[in-house]
Amino acid sequence: MKNNMNRLVVRTLSKKRLRITIYYPTKEKHFERLSDESFGGFVKRLKSKLPNEVKTVAIVNNNGCAIKDSVELCDALIPTNRFVLNDVCYNISVDPPTIEELQISNTPVAGLVLAPRIKVINIELKNLKYVWEAKASDGDWGKISSTGTLMLYPKLIGKMVRLCCSGQGAEPVFSNVVGPVTDDEFTNSLLSRAIPIEYGYTRVMSYNILADAFLESRTEPIKNFFPYCPKKFQIREYREPRIVAEVFAHRPHIICMQEVEDKTYSNCLKPMLETYGGHITVIKGRFKAGCAMFFKADDFDECHYESFPLPDLYRQSFGIPDLIKLGQKIGSEFPDTWKDIGIRPVMTQIAVLRHKESRKLLIVGNTHLFWNPAYHVIALLHIHAMCTKIQSIRDVYEKQGENVSVVVCGDMNSQIGSLVHLYLTVGTVLQYETKGELFDFLKENVRNPVKLQLARGEPNFTNYTADFKDVIDYVLCDEHSTVGQVTPSPNLSDLEKSEGCPSAIFPSDHLPIISDVLLGERSAF
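Residues numbered from 1 in each chain as written. Predicted model: local features only at pLDDT ≥ 70, side-chain atom pairs only at ≥ 80, totals over all residues. Heavy atoms only, no water.

Caption draft 1: How the structure looks around the overall build of the chain. When helices and strands are tallied, the chain shows twelve helices and 28 strands. By principal-axis analysis of the C-alpha atoms, the chain measures approximately 95 × 55 × 55 Å. In the chain, buried positions account for 51% of the 525 residues. Taking the contacts inside the chain whose residues are at least 6 apart along the sequence as the reference set, 67% of them involve residues at least 24 apart. For the chain, the exposed surface amounts to about 24,400 Å²; the carbon and sulfur share of it is 50%. Within the chain, the 62 negative side-chain charges are centred at a point lying 7 Å from the centre of the 62 positive side-chain charges. (Helix = DSSP H or I, 4+ residues; strand = E, 2+ residues; numbered from the N terminus. Buried < 20%, exposed > 50% of the residue type's maximum accessible area, 1.4 Å probe, protein only. Contact = heavy atoms within 4.5 Å. Areas by Shrake-Rupley, 256 points an atom, 1.4 Å probe, with all protein chains shown as cover. Lys, Arg positive; Asp, Glu negative; His and termini not counted. Charge placed at Lys NZ, Arg CZ, Asp CG, Glu CD.)

Caption draft 2: Region of the structure containing helix H11 (residues 437-445). Those residues of H11 that fall on the buried side of the exposure criterion are Leu438, Phe439, Phe441, Leu442 and Lys443. Residues of H11 that are buried sit in contact with helix H7 (321-333), helix H8 (335-343), helix H9 (376-399) and helix H10 (419-425).

Caption draft 3: Spatial organisation of the sheet that holds strand S22 (residues 404-411). The six strands lie next to each other as S19-S20-S21-S22-S26-S23, forming an open sheet whose pairing is mixed. The sheet is open, and its two borders are formed by strand S19 (300-309) and strand S23 (452-454), each paired with just one other strand. Each strand axis lies, on average, 20 degrees off the axis of its neighbour in the sheet, ignoring direction. Bridge count between strand S21 (residues 361-368) and S22: eight bridges; the pairing is parallel. Looking across to S22, one finds that Thr367 is bridged to Gly410. Against the sheet, H9 engages S19, strand S20 (347-355), S21, S22, S23 and strand S26 (473-478), with an angle of about 165 degrees to S21. (Pairing = 2+ DSSP bridges. Axes fitted to C-alpha atoms, helices over the stretch in contact; angles between N-to-C directions.)

Caption draft 4: Quick peek at the pairing of strand S6 (residues 88-94). Taken together, the four bridges between strand S1 (residues 7-12) and S6 define a ladder with parallel strand orientation. Pairing of Val10 across the sheet is with Val94, part of S6. Across four bridges, the pairing between strand S5 (residues 82-85) and S6 is antiparallel. In the sheet register, Val84 faces S6, and the bridge partner there is Cys89.

Caption draft 5: Spatial organisation of H7. Spanning 13 residues, H7 covers 18 Å between terminal C-alpha atoms, matching the ideal 18 Å at 1.5 Å per step. Restricting attention to buried positions, one finds in H7 the residues Leu323, Ile324, Leu326, Gly327 and Ile330. Considered in projection along H7, the buried side chains sweep an arc of 165 degrees and stay on one side of the axis. Those residues of H7 that are exposed and aimed more than 90 degrees away from the buried face are Pro321, Asp322, Lys325 and Ser332. Packed against the buried residues of H7 are H8, H9 and H11. (Expected span 1.5 Å × (residues − 1). Arc of directions from axis to C-beta.)

Caption draft 6: Seen up close, the sheet that holds strand S11 (residues 142-145). Strand order in the open sheet made by the four strands is S11-S10-S13-S14, with antiparallel pairing throughout. Each edge of the sheet is formed by a strand with only one pairing partner; in this case those strands are S11 and strand S14 (170-174). Taken pair by pair, the neighbouring strands of this sheet meet at an average axis angle of 30 degrees, ignoring direction.

Caption draft 7: Expanded view of the packing of aromatic side chains. Tallied over the entire structure, the rule returns twelve aromatic pairs. Consider the rings of Phe83 and Tyr90, whose centres lie 6.1 Å apart with planes at 70 degrees: the pair is edge-to-face. What makes Phe83 buried here is its relative accessible area of 0%. Between Phe334 and Phe441, the ring centres sit 5.3 Å apart and the planes meet at 65 degrees, which makes this aromatic pair edge-to-face. With Phe334 in the loop between H7 and H8 and Phe441 in helix H11, the pair connects residues that are 107 residues apart, well separated along the chain. Take Phe334: its relative accessible area is 13%, and that puts it in the buried class. In this structure Phe441 comes out as buried when scored by relative accessible area, which is 7%. For the cation-ring pair, Arg162 lies above Trp141, with the distance from its terminal atom to the ring centre recorded as 4.2 Å. (Phe/Tyr/Trp six-rings, centres within 6.5 Å; stacked < 30°, edge-to-face > 60°. Lys NZ or Arg CZ within 6 Å of the ring centre and 35° of its normal.)

Caption draft 8: Region of the structure containing the pattern of salt bridges. Within the structure shown, the criterion is met by 21 salt bridges. Across the salt bridge formed by Glu101 and Arg117, the nearest N and O atoms sit 3.2 Å from each other. One end of the pair, Glu101, is in strand S7 (residues 98-104); the other, Arg117, is in strand S9 (residues 116-121), and 16 residues separate them in sequence. Linking Arg315 and Asp312 is a salt bridge whose minimum nitrogen-to-oxygen distance equals 2.8 Å. Taken together, the shared-partner salt bridges connect Asp212, Arg236, Arg239, Glu240 and Glu261 into one network. (Salt bridge = Lys/Arg side-chain N within 4 Å of Asp/Glu carboxyl O.)

Caption draft 9: Quick look at the environment of Val407. Along the polypeptide, Val407 turns up in strand S22. Taking C-alpha positions, Val407 is 5.6 Å from Leu476, a pair spaced 69 residues apart along the chain. Setting aside chain neighbours within four positions, we find Val407 in contact with Val204, Leu362, Ile363, Val364, Gly365, Val475, Leu476 and Cys477.

Caption draft 10: Focus on the packing of H7 against H8. Relative orientation of the contacting elements H7 and H8 amounts to 125 degrees, with a least axis distance of 5 Å. The pairing of H7 with H8 is recorded here as oblique in orientation. Seen from H7, the contacting residues are Gly327, Ile330, Gly331, Ser332 and Glu333; seen from H8, they are Pro335, Thr337, Trp338 and Ile341. The residue inventory of the contact of H7 with H8, partitioned by class, reads four nonpolar, four polar and one charged. (Parallel < 35°, antiparallel > 145°, perpendicular 65-115°, else oblique. Nonpolar A, V, L, I, M, F, W, Y, C, P; charged D, E, K, R; others polar.)

Caption draft 11: Structural context of the environment of Arg242. Assignment of secondary structure puts Arg242 in helix H5 (residues 236-250). On the accessibility criterion, Arg242 (7% relative accessible area) is buried. At a separation of 3.0 Å, a polar atom in the side chain of Arg242 contacts the main-chain carbonyl oxygen of Tyr238. (Polar contact = N/O pair within 3.5 Å; in protein donor to acceptor, adjacent residues only side chain to side chain.)

Caption draft 12: Here's a closer look at the pairing of strand S18 (residues 289-296). By the criterion of burial, S18 is predominantly enclosed, with seven of the eight residues buried. By the bridge criterion, six bridges tie strand S16 (residues 254-261) to S18 in an arrangement that is antiparallel. Residue pairing across strands places Val260 opposite Gly290, the latter belonging to S18. Judged from the seven bridges that link them, strand S17 (residues 276-282) and S18 form a sheet pairing that is antiparallel.

Caption draft 13: Region of interest: the state of the cysteines. As enumerated under the stated definition, the model contains zero disulfides in all. No disulfide involves Cys409; its nearest neighbouring cysteine sulfur is the one of Cys256, lying 3.9 Å away. Judged by relative accessible area, which is 0%, Cys409 ranks as buried. (Disulfide = S-S within 2.5 Å.)

Right, here's the structure in full:
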């Protein structure tokens, strides 16, 4: 619904073509014409197309004089002139700010989040104003929110919902109407474990959201990796809104995601998480899925961000002496291992954030290590590269007198007691029982420069499928930070309603890890 009464709008389609829209009080007419067509030629076109509606047509300038029929449309249809149709005067707008499309998805389930799909012309999205409205079946429309997205809270159950957008000179536009909002036991179960955040703590979420590319094989014969999950619960349209709903329910300050596709980031996560800053890094290849990191923009400023393949850190160009020296040793003594380091292009993200209130610095690392247990040594060397890089960044800031905390998140694809788990939680792999020259080398040469502690404890599982149920995802923080409350794991009874995840309740095969961390103080550097 648009309020465009008595207006003629000219939209430039190209150097030679115009779209002309005449807005009547109750309808509108559209014409595409050449910009160098004469005004007289356009009048003939109008009268031939609308013989019963068009009697007289003129364009007058600001002195009230009618322009000649020979004037080209590009010179006639300008804002200082007026278009006169049947003695009714129309204002002329040329390429005005316009909200061309406004749609909201028809998934009105309590607990989920609605975000508009907006197409605008000559207007910045950040300058739009939003008014969400709700209407009971027998009532009037009433304002319920002025945010860019809307979480459908329980009081909206049974009501219809719509959105009105305006701003920066654009006429107000209403979206489609969705509803009535319904209650859903699956969504209620998914969101039931959310708990409040203690003041002063930073809530961290790590979540492998399961890329669409990994739902089934990409070679013949096509194999669905989750046959126990009905297709309707595997599709993007079902899973993505529930992933976002989990974020809204738990309200983390920091989000580290894995298996994020460009499409999911651009079309879902970025517009939905409007109050967060964020980045995505995608591994080049056929799957096009990677890591995404978000931070609450009201609470943190971003000081530095970078992403890179972890194997690159062992090369001279990155200039980390300890890693270069280690890489040279591995290449000399264990050439096959050195080769494997380079052909597994695991990506990582590292951000330096400043907490606005406390002014403390926080370094956040996010990664997704290689899944194959046969390459657990490579996973260890990759995570060692990440932690060494984090410490090198930390050293720079601490030499400037800054207090720097660290959080490391990710799908480590490493079970409790593995090389990676020992490295992250103990700092060395000396306790690893397997013997041999390579393992003796690792025990002697690989030390974690960042002293970390689990910020999550160790739940029964973070990956829950029909064939595999175990802990492979982690949130860790530095030893000077304090671990606060930990969001409870899902109820086992909800998980057991299906052979595994994803399911009607859980949108990914992984479960998010959510921890509260009080950023620490280091007494000496």
